There are 2 protein chains.
Amino acid sequence: MKKRRVKLEDIARKLNISIATVSRALDKNPRVKPSTREKVFKTAEAMGYMPNQIAKSLSSGKTNIIGVIIPRYDEPFFIEVCRGIDHYAREHNYKILISSSRNSFEFERENLISYERGIVDGIILSPTHETETFTHIRSIIGKGIPVVLFDNIKEEVSGADHVLIEDDKASYEAVEHLIKTGRKRIAFVGGIKEKKVFQDRFKGYLDAMQANQIEVLDELILHCKSLDREFEDTEINEFLSNLPEFPDAIFTCTDNYGLLTMKTLLKMGYRIPDDVAVIGFGDLGLGEVFVPSMTCIAQPSFEMGQKVAELLIQQFNEPVDKNHRKKVVKLKTELVLRDST
Amino acid sequence: MKKRRVKLEDIARKLNISIATVSRALDKNPRVKPSTREKVFKTAEAMGYMPNQIAKSLSSGKTNIIGVIIPRYDEPFFIEVCRGIDHYAREHNYKILISSSRNSFEFERENLISYERGIVDGIILSPTHETETFTHIRSIIGKGIPVVLFDNIKEEVSGADHVLIEDDKASYEAVEHLIKTGRKRIAFVGGIKEKKVFQDRFKGYLDAMQANQIEVLDELILHCKSLDREFEDTEINEFLSNLPEFPDAIFTCTDNYGLLTMKTLLKMGYRIPDDVAVIGFGDLGLGEVFVPSMTCIAQPSFEMGQKVAELLIQQFNEPVDKNHRKKVVKLKTELVLRDST
DNA sequence: CTGTTAGCGCGTTCAT
DNA sequence: ATGAACGCGCTAACAG
């Protein structure tokens, strides 16, 4: 005894008018007599009418859904970006379908393909570290589906908008701050080398060191290989435990690296910032709570989400022109000084 | 010059067979001759055919999308649940459409209604603290849409599955642990009173105190009112600063309360756990990093997500029977002992 | 094994 | 101002 949904036809029959009129009435089309519109609205309400979004989408070719592909859920940065996307999207009557590529290129491709089946009007994607080739994205764009990329963009994809921060510049600034406050032996803790953002952050570190004529020591550099929280902890622990001579500052490439570093340092008996200064990257809330609070490069994550959504929705309203050069937006970061430096 | 998508008809025409056959062939329907199936697959591939999910959905009445409504994004618990949902859902060929009710009953209702438009096959929802009436949920269920509720369920909704933890029992256990380790003046830091989970956690605290004949002092109790990280900090700060006599333990109702409490204590010069012990609730990763690491009630968030998804997908396969009593699943929590107690 | 036909629910001409 | 009819792309029931 499942109730069949009320549809336009039901309303039409009840009122002895055509489906088309009902449709127009509900659409507030001015060409329908006010009195009938009234009637339609009332009976629709009374009968509990609810438009069928799927049918609408099939007919209109629009789903009002934005597909979002992030490398992983358990990184506050991506969630914050999603929150930004959601905020902007909802204001413009779009919903978001999120999926994680779980740091795997294959998953990224699969997700993209599943979105290609017409369930989303456009796609927002942040490439994984494994993503070396971009043909899967170009293929989607080739089919006329709007795409916006953000963070970790290894290769510019024509036809897609890009939103990012200047990772190298931000790192440069942070390292320079360490140098200016008298630090000389500055260690670097980064992520897997395959990830563009980590390459850039490393570059910023190197540039700042070089610009200030400070020798870069390999022994002070760690590129974490793991993608898992637990192992990050182990890697950092080992790195710090095996240093021949101790650094007086450590620049780290994520908030989590920074916190794990501080934790390990405190456990080893070092004082922060007296013995060692620490800087994190991201500023997603935790750095402020830790004792001592952590100096961070603040990345505008929420804003990035908003911007990304804005660009995508803008594309929806542009004439289809695949040769149109798309935008590259660079957002500003900020060095937030706290107790760890 | 936008390319039209290839559809079944195109393949059919090219092969001089009917649309139905093409459809069946791609469906691997055994009733189609292997040789034609081969041909169909090859030309489909060659022509770059991609099924239209919307059309499929309209025709089949299934979208393979699960709607998820959480009170907010910026709480790791909900994200972890979503991750669990995503994992289970994907294995069963479902995608998830997430939306946040932003701690507002109105938003919750709106989201629910938008899902009612047929874009999702079922709904997973965690009610906000504002949600006092459940008619909006019952209405959805009445229309035959499967619903599963999790966390913070103030009122049992017949026809919906429920997944939760025993908040009171978990709190009881945590407070009892404090008592057994010799703590006597035990403070309580909870969240807004309107939220069922906080009510239950408070109840567990009261029960444990009473069972051990320890007097409950109003001055040692804080129910945070704010829903915003910043203000939580302020509230806890003020609470701790104005205590007439200091507690020797503080039981807090979220990880974040626990961390903020520890931060404030350390800043005030107290030693943890020597002067004061602290316990958090959730165990979503941060407690392990803090120095000292935080003892927590571990809530199985990821598992909760998986369970919730499992129940929903199970409902999809059940015969429609609105009077069928639905399941209530209670997941186990665990007290994880660390350095803060 | 394959083709024909009739929906799925709504938007949208094209008439009237 | 309103109605009839077709299309969106695919599935499924019924024939043969």
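Looking at an unreviewed UniProt entry, one finds chain A named Transcriptional regulator, LacI family, with Aquimarina spongiae as its source organism.

So, on to the protein's contact with DNA strand D. As a structural note, the neighbourhood of DNA strand D is formed by 25 residues, with S18 and T21 of chain A together with S23, Y49 and S59 of chain B the closest of them. Taking the atoms of DNA strand D that fall within 4 Å of the protein, sugar and phosphate contribute 66% of them. At 2.8 Å, a side-chain N or O of R24 of chain A approaches a base nitrogen of DNA strand D. Taking R31 of chain A, its main chain carries an N or O atom lying 3.3 Å from a phosphate oxygen of DNA strand D. At the level of secondary structure, the elements contributing two or more residues to the surface near DNA strand D comprise α2 (19-26) and α4 (53-60) of chain A together with α2 (19-26) and α4 (53-60) of chain B. Across the surface near DNA strand D, the residue classes tally to 10 nonpolar, eight polar and seven charged.

Turning chain B through 180° and shifting it by 0.0 Å along the axis lays it on chain A, with an RMSD of 0.2 Å. Both chain copies can therefore be described as sitting about a two-fold axis. Judged by C-alpha distance, L97 of chain B is the residue of chain B that lies nearest the rotation axis, at 2.3 Å. Comparing contact sets, 100% of the residues at the interface of chain B also lie at the interface in chain A, consistent with an isologous, same-surface contact.

A few words on the environment of A25 of chain B. All names here are of chain B. For A25, the position within the fold is in helix α2. Look at A25 and you get buried, because its relative accessible area is 0%. On a C-alpha basis, the gap between A25 and V40 in space is 6.7 Å, while along the polypeptide they are 15 residues apart.

By the secondary structure assignment, S99 of chain A is in strand β2 (residues 95-100). At 3.0 Å, the side chain of S99 of chain A forms a polar contact with the side chain of Y115 of chain A.

Let's shift gears to unusual backbone geometry. In this model, V291 of chain A is joined to P292 of chain A through a cis peptide bond whose omega is 0°. Of note in the backbone geometry, N64 of chain B takes a positive phi value of approximately 60° without being a glycine. For D283 of chain B, which is not glycine, the phi dihedral falls at a positive 65°. In this structure, D283 of chain B sits in the loop between β9 (277-282) and α12 (286-289).

Looking now at the domain arrangement of chain A. Residues and elements named next belong to chain A. Domain parsing of chain A yields domain 1 (8-51), domain 2 (60-164 + 301-330) and domain 3 (167-298). In this structure, domain 2 and domain 3 have C-alpha centres spaced 30 Å apart. Each partner contributes to the interface: domain 2 provides 14 residues, whereas domain 3 provides eight residues. Note on domain 2 versus domain 3: buried area summed over both sides is about 1,100 Å², and carbon and sulfur give 56% of it. Looking only at domain 2, the three residues that lose the most surface to domain 3 are H129, N152 and K154, adding up to 42% of its buried area. Inspection of the region where domain 2 meets domain 3 yields zero salt bridges.

In this section: the protein's contact with DNA strand C. With respect to spatial proximity, 23 residues lie near DNA strand C, and among them K7, Y49 and S59 of chain A together with T21 and R24 of chain B are the closest. Within 4 Å of the protein, the contacting atoms of DNA strand C are 65% sugar and phosphate, with bases supplying the remainder. For DNA strand C, a phosphate oxygen lies 2.9 Å from a polar atom in the backbone of S18 of chain B. Between DNA strand C and S59 of chain B, the relevant distance is 3.5 Å, taken from a base nitrogen to a side-chain nitrogen or oxygen of the residue. Of all the secondary structure elements, the ones that give two or more residues to the surface near DNA strand C are α2 and α4 of chain A together with α2 and α4 of chain B. Classifying every residue of the surface near DNA strand C by side-chain character gives nine nonpolar, eight polar and six charged.

Further remarks concern the sheet that holds strand β6 (residues 186-190) of chain A. Residue and element names in this part refer to chain A. Judged by pairing direction, the sheet is mixed, and its six strands sit side by side in the order β7-β6-β8-β9-β10-β12 without closing on themselves. Both edges of this open sheet fall to β7 (221-223) and β12 (334-336), since each of them pairs with a single strand only. Neighbour-to-neighbour, the strand axes of this sheet turn through a mean angle of 15°, independent of strand direction. Pairing analysis gives three bridges linking β6 to β7, with the strands arranged parallel. Pairing of V189 across the sheet is with L222, part of β7. Sheet strands in contact with helix α11 (residues 255-268) are β6, β8 (249-252), β9 (277-282) and β10 (295-298), and its direction is about 155° off that of β9.

We now examine the interface of chain B and chain A. Listed per partner, the contact involves 48 residues of chain B and 49 residues of chain A. Around 4,600 Å² of area is buried between chain B and chain A when both sides are counted, 66% of it from carbon and sulfur atoms. On the surface where chain B and chain A come into contact, there are two salt bridges. Counting across the interface, chain B meets chain A through 10 residue pairs in polar contact (both at pLDDT 80 or more).

Turning our eyes to something else, we now look at the nonpolar core. A general tendency of soluble globular proteins is for nonpolar side chains to be buried together. Counting residues in each nonpolar core, the largest one holds 152 residues, and the members touching the most others are I66, F150 and F251 of chain A together with I66, F150 and F251 of chain B. Once residues lying within four places of it in the same chain are set aside, the contact partners of F251 of chain B are S171, A174, V175, L178, A187, F188, V189, R201, Y205, I279, F281 and I297 of chain B. Formed by 42 residues, the second largest nonpolar core is a distinct cluster that contains L112, Y115 and F134 of chain A together with I123 of chain B.

Residue and element names in this part refer to chain B. The mixed open sheet is built from six strands, whose spatial order is β7-β6-β8-β9-β10-β12. Taken across any chain shown, the strands that pair with only one partner, and hence form the sheet edges, are β7 (221-223) and β12 (334-336). Strand-to-strand twist in this sheet, taken as the mean axis angle between neighbours without regard to direction, amounts to 15°. As paired strands, strand β10 (residues 295-298) and β12 are joined by three bridges and run antiparallel to one another. Within β12, the position partnered with I297 by the bridge is L335. The sheet strands contacting helix α8 (residues 167-180) are β6 (186-190), β8 (249-252), β9, β10 and β12, and the helix crosses β9 at an angle near 165°. The sheet contacts of helix α11 (residues 255-268) involve β6, β8, β9 and β10, and relative to β9 the element is tilted by about 155°.

A word on the packing of aromatic side chains. For the structure on display, the rule yields 21 aromatic pairs over all chains. In textbook terms, an aromatic cluster arises when at least three aromatic residues are bridged by ring pairs, as seen for F188, F202, Y205 and F251 of chain A. When the ring centre of F316 of chain B is taken as reference, the NZ or CZ atom of K62 of chain B above it lies at 5.0 Å. The residue whose ring lies beneath R102 of chain B is F107 of chain B, and the NZ or CZ to ring-centre distance is 5.0 Å.

Turning our eyes to something else, we now look at helix α6 (residues 105-115) of chain B. Residues of α6 of chain B that are buried include every one of F105, E108, N111, L112, S114 and Y115 of chain B, and no others. Buried residues along α6 of chain B sit against α5 (76-91) and β2 of chain A together with β1 (65-70), β2 (95-100), β3 (122-125) and α7 (135-142) of chain B. Its side-chain oxygen at 3.2 Å from the backbone nitrogen of E106 of chain B, S104 of chain B defines the N-terminal cap of α6 of chain B.

This brings us to the state of the cysteines. All names here are of chain B. Enumeration over the complete set of coordinates arrives at zero disulfides over all chains. Counting only cysteine sulfurs, C224 is the nearest neighbor of C253, a cysteine outside any disulfide, at a range of 9.2 Å. With no disulfide of its own, C296 has C253 as its nearest cysteine by sulfur position, at a separation of 12 Å. The class of C296 is buried, set by a relative accessible area of 0%.

Criteria and thresholds
Residues numbered from 1 in each chain as written. Chains lettered and ligands numbered in written order. Predicted model: local features only at pLDDT ≥ 70, side-chain atom pairs only at ≥ 80, totals over all residues. Heavy atoms only, no water. Near = heavy atom within 4 Å. Polar contact = N/O pair within 3.5 Å; in protein donor to acceptor, adjacent residues only side chain to side chain. Helix = DSSP H or I, 4+ residues; strand = E, 2+ residues; numbered from the N terminus. Nonpolar A, V, L, I, M, F, W, Y, C, P; charged D, E, K, R; others polar. Least-squares fit on C-alpha atoms with pLDDT ≥ 70 in both. Contact = heavy atoms within 4.5 Å. Buried < 20%, exposed > 50% of the residue type's maximum accessible area, 1.4 Å probe, protein only. Domains from an automatic or database assignment. Buried area = accessible area lost by both parts, 1.4 Å probe. Salt bridge = Lys/Arg side-chain N within 4 Å of Asp/Glu carboxyl O. Pairing = 2+ DSSP bridges. Axes fitted to C-alpha atoms, helices over the stretch in contact; angles between N-to-C directions. Core = buried A, V, L, I, M, F, W, Y, C linked by side-chain atoms within 4.5 Å. Phe/Tyr/Trp six-rings, centres within 6.5 Å; stacked < 30°, edge-to-face > 60°. Lys NZ or Arg CZ within 6 Å of the ring centre and 35° of its normal. Disulfide = S-S within 2.5 Å.

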